[in-house]
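Overview (structure and organization)
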Amino acid sequence: MTLEATRPVPRPGVMAIDAYVPGKSGAPGVAKVYKLSSNETPLGASPKAIEAYGKLASKLELYPEGSSAELREAIAKLYGLDADRILCGSGSDELLSLLTNAYLGPGDEGVFTEHGFLVYKIAILAAGGTPVVVKEKNLTADVDAILAAVTEKTKIVYLANPNNPTGTYLPFDEVKRLHAGLPKSVLLILDAAYAEYVRRNDYESGLELVASNENVVMTRTFSKIYGLAALRIGWMVGPAHLIDAVNRIRGPFNVNAAAIAAGAAAIADQAFVQKAIDHNETWLPWVTAEIEKLGLKVTPSVGNFLLIHFPKDAGKTAADADAYLVSKGLVLRRVAAYGLPDALRLTIGDEEANRHLVATLAEFMKR
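All chains use their own residue numbering, which begins from 1 and follows the written sequence. The predicted origin of the model limits local features to residues at a pLDDT of at least 70 and limits the giving and counting of side-chain atom pairs to 80 or more, whereas totals for whole chains, interfaces and linings rest on all residues. The basis for every side-chain value is the complete set of non-hydrogen atoms in the structure, without hydrogens or water.

Focus: unusual backbone geometry
Under the convention used in this document: Every helix listed is a DSSP run of H or I at least four residues long, and every strand listed is a run of E at least two residues long, numbered separately from the N terminus. Buried, partly exposed and exposed residues are distinguished by accessible area as a fraction of the type maximum, computed with a 1.4 Å probe on protein chains only: under 20%, between the cut-offs, and over 50%, respectively.
Looking along the chain, the bond that leaves asparagine 161 and enters proline 162 is cis, with omega of 5°. Turning to its location among the elements, proline 162 is positioned in the loop between strand S5 (154-160) and helix H6 (172-181). Here the bond from asparagine 164 into proline 165 is cis, since omega is 20°, no more than 30 degrees from zero. In this structure, proline 165 sits in the loop between S5 and H6. At serine 68, a position not held by glycine, the phi torsion is positive, near 55°. Turning to its location among the elements, serine 68 is positioned in the loop between helix H1 (47-55) and helix H2 (69-79). Owing to a relative accessible area of 2%, serine 68 belongs among the buried residues under this scheme.

Pasting the structure below:
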């Protein structure tokens, strides 16, 4: 006899998904907190974006324009793209989930690297698919290993480039080699959330591959260098057939009016973006060098964050360091969920935060 359920039951697999846990925001009992856990820019948002956001306060009763046309056109103007091949969403997280739901289902596989963004696995499992995790080489995506993991069940390959939380990247030649080795039926998602920060001549965010292929899409975000994390704005560019497919499952009005206006103003203010780039170019190498002087290993990063590795010795572990730093108001990101239990991820902050972090780490290492 089948017993009647006493309440609605989620479909199989849903409750087995490990929910995404954001970085900590606070340090209890500390007067001043330096939040360095979420890769937010210390420069905040463009004044022009803030002004555009404020103008929407008197129009809150109106629905936003459903296709985010103003924002798509601003993005297209900056990058020389066709606005019809751009789709905006509530952060790139939503777009990654939409892509996964459109192209992957039960019995299908999605491939990503072992220290890749946690949302990939969540999106695959939520769609009923099977995550396939590929080993990295020196904390960097390994093209040969990814290609070796592709089977006839593979529907999507996800590549964060640069990768979070490691800060490493694949040169464009390697990305092209990865794409050339994939069947044309496999979708390659290039997650370029930190592309604006990269200052390497051999890097390309993915626009070139998207322009000339039918199975590549690139996702980007306004949550990092543009300082609009609170508004949750993401965008992607891909072939027309892909945009059409995702639009069919995208919810109406998935980007709010204030976000559309602020995003359009922010992307037009490239002078402000350059200030953020210059700040990172000054402090990323400085913080790296100073932490290495303390005897700690730092993975070379091209983003606005660093991965700091700690010893396993009692009293000097990543967990010990995290507790000590929090007691001093410094909130970093634990990355054990990414398979890196002996490391902390540090966002590059303003000068005060950076100097305080280095001084406090020095105190910790001397204890």
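Text resumes after the structure shown.
Focus on the packing of H1 against helix H9 (residues 257-268)
Two quantities define a packed helix pair, namely the angle between the helix axes and the distance between the axes. Heads up, the condition is: Angular values range over 0 to 180 degrees, each being the angle between N-to-C directions of two axes fitted as lines to C-alpha atoms, with helices fitted over their stretch in contact. These descriptions rest on fixed angle ranges, namely under 35 degrees for roughly parallel, over 145 for roughly antiparallel, 65 to 115 for roughly perpendicular, and the rest for oblique. By convention the crossing between two helices is left-handed if the near helix lies anticlockwise of the far one by an angle smaller than a right angle, and right-handed if it lies clockwise. Any two residues whose heavy atoms approach within 4.5 Å at even a single point are treated as in contact. Following the grouping adopted for this structure description, the nonpolar residues are Ala, Val, Leu, Ile, Met, Phe, Trp, Tyr, Cys and Pro, the charged ones are Asp, Glu, Lys and Arg, and the polar ones are all others, Gly among them.
The contact between H1 and H9 brings their axes to 8 Å, and the two run at 155°. When the axis of H1 is compared with that of H9, the two are roughly antiparallel. The way H1 lies across H9 gives a crossing that is right-handed. Between H1 and H9, the contacting residues are Lys48, Ala49, Ala52 and Tyr53 on the first element and Ala258, Ala261, Ala262, Ala265 and Ala266 on the second. Residues that form the contact of H1 with H9 fall into these classes: eight nonpolar, no polar and one charged.

Some details on the domain arrangement of the chain
Rules: Domain ranges listed in this record stem from an automatic or a database domain assignment. Throughout, the accessible surface (probe 1.4 Å) given up by two parts as they are put together, summed over both, is called the buried area. Take a side-chain nitrogen of Lys or Arg and a carboxyl oxygen of Asp or Glu: if they are within 4 Å of each other, that pair is a salt bridge. What qualifies as a polar contact is a pair of N or O atoms within 3.5 Å, subject to a donor-acceptor requirement within protein and to the restriction that residues adjacent in sequence count only when both atoms come from side chains.
Assigned domains within the chain: domain 1 (23-44 + 271-366) and domain 2 (47-269). Using only C-alpha atoms to locate each centre, domain 1 and domain 2 end up separated by 26 Å. Across the interface of domain 1 and domain 2, roughly 2,300 Å² is buried in total on both sides, 65% from carbon and sulfur atoms. Remark: the boundary between domain 1 and domain 2 carries zero salt bridges. Counting across the interface, domain 1 meets domain 2 through eight residue pairs in polar contact (both at pLDDT 80 or more). The biggest single contributor to the side of domain 1 that touches domain 2 is helix H10 (residues 270-293), with seven residues.

Considerations on empty space enclosed by the protein
Inclusion rule: Cavity: a set of points on a 1 Å grid over the protein atoms alone where a 1.4 Å probe fits but cannot get out. Pocket: an open set with protein on both sides within 12 Å along at least five of seven lines, its lining residues, like those of a cavity, having an atom within 4 Å of a point. Grid points are joined across faces, edges and corners, and a volume is the space filled by probe spheres set on the points.
Applying the stated rule across the entire model yields four cavities of 30 Å³ or more. When its volume is computed, the largest cavity comes out at roughly 60 Å³. Tallied by class, residues from the lining of the largest cavity come to six nonpolar, five polar and one charged. Roughly 50 Å³ of volume is contained in the second largest cavity. Around the second largest cavity sit Glu40, Thr41, Pro42, Leu43, Tyr197, Ala276, His279, Asn280, Asn304 and Ile348, which together line it. Class assignment of the residues belonging to the lining of the second largest cavity gives a composition of five nonpolar, four polar and one charged.

Re the sheet that holds strand S3 (residues 109-113)
The condition that has to hold: Strand pairing is defined by DSSP finding a minimum of two bridges between the two strands.
Spatial strand order, S2-S8-S7-S6-S5-S3-S4: seven strands in an open sheet with mixed pairing. Only two strands of the sheet have a single neighbouring strand rather than two, namely strand S2 (86-89) and strand S4 (130-134). Put simply, the sheet's adjacent strands are angled 20° from each other on average, direction ignored. Of the strand pairs in this sheet, S2 and strand S8 (residues 234-237) are connected by four bridges, and their pairing is antiparallel. Within S8, the residue paired with cysteine 88 across the bridge is tryptophan 235.

With respect to the environment of isoleucine 260
Inspection of the secondary structure puts isoleucine 260 in helix H9. Put simply, isoleucine 260 and serine 46 are 214 residues apart on the chain and 14 Å apart in space, counted from C-alpha to C-alpha. Once residues lying within four places of it in the same chain are set aside, the contact partners of isoleucine 260 are Pro64, Glu65, Ser68, Glu70, Leu71 and Val255.

Considerations on the packing of H10 against helix H12 (residues 351-366)
Here H10 crosses H12 at 5°, and the two axes come no closer than 10 Å. The pairing of H10 with H12 is recorded here as roughly parallel in orientation. Between H10, through His279, Trp283, Trp286, Val287, Glu290 and Ile291, and H12, the contact on the second element is made entirely by Glu351, Asn354, Arg355, Leu357, Val358 and Leu361.

Describing the layout of surface pockets
The volume enclosed by the largest pocket comes to roughly 530 Å³. Around the largest pocket sit 27 residues that line it, and Tyr20, Ser38, Asp93, Phe117 and Lys224 are the ones nearest its centre. A class-by-class count of the residues in the lining of the largest pocket yields nine nonpolar, ten polar and eight charged. In this structure, the second largest pocket encloses a volume near 360 Å³. Along its surface, the second largest pocket is lined by 20 residues, and Asp18, Leu118, Lys121, Ala337 and Tyr338 are the ones closest to its centre. The leading source of residues in the lining of the second largest pocket is helix H4 (residues 118-126), at four residues. Each residue belonging to the lining of the second largest pocket can be placed in one class, and the counts come to 13 nonpolar, two polar and five charged. Counting residues domain by domain, the lining of the second largest pocket receives three or more from each of domain 1 (23-44 + 271-366) and domain 2 (47-269).

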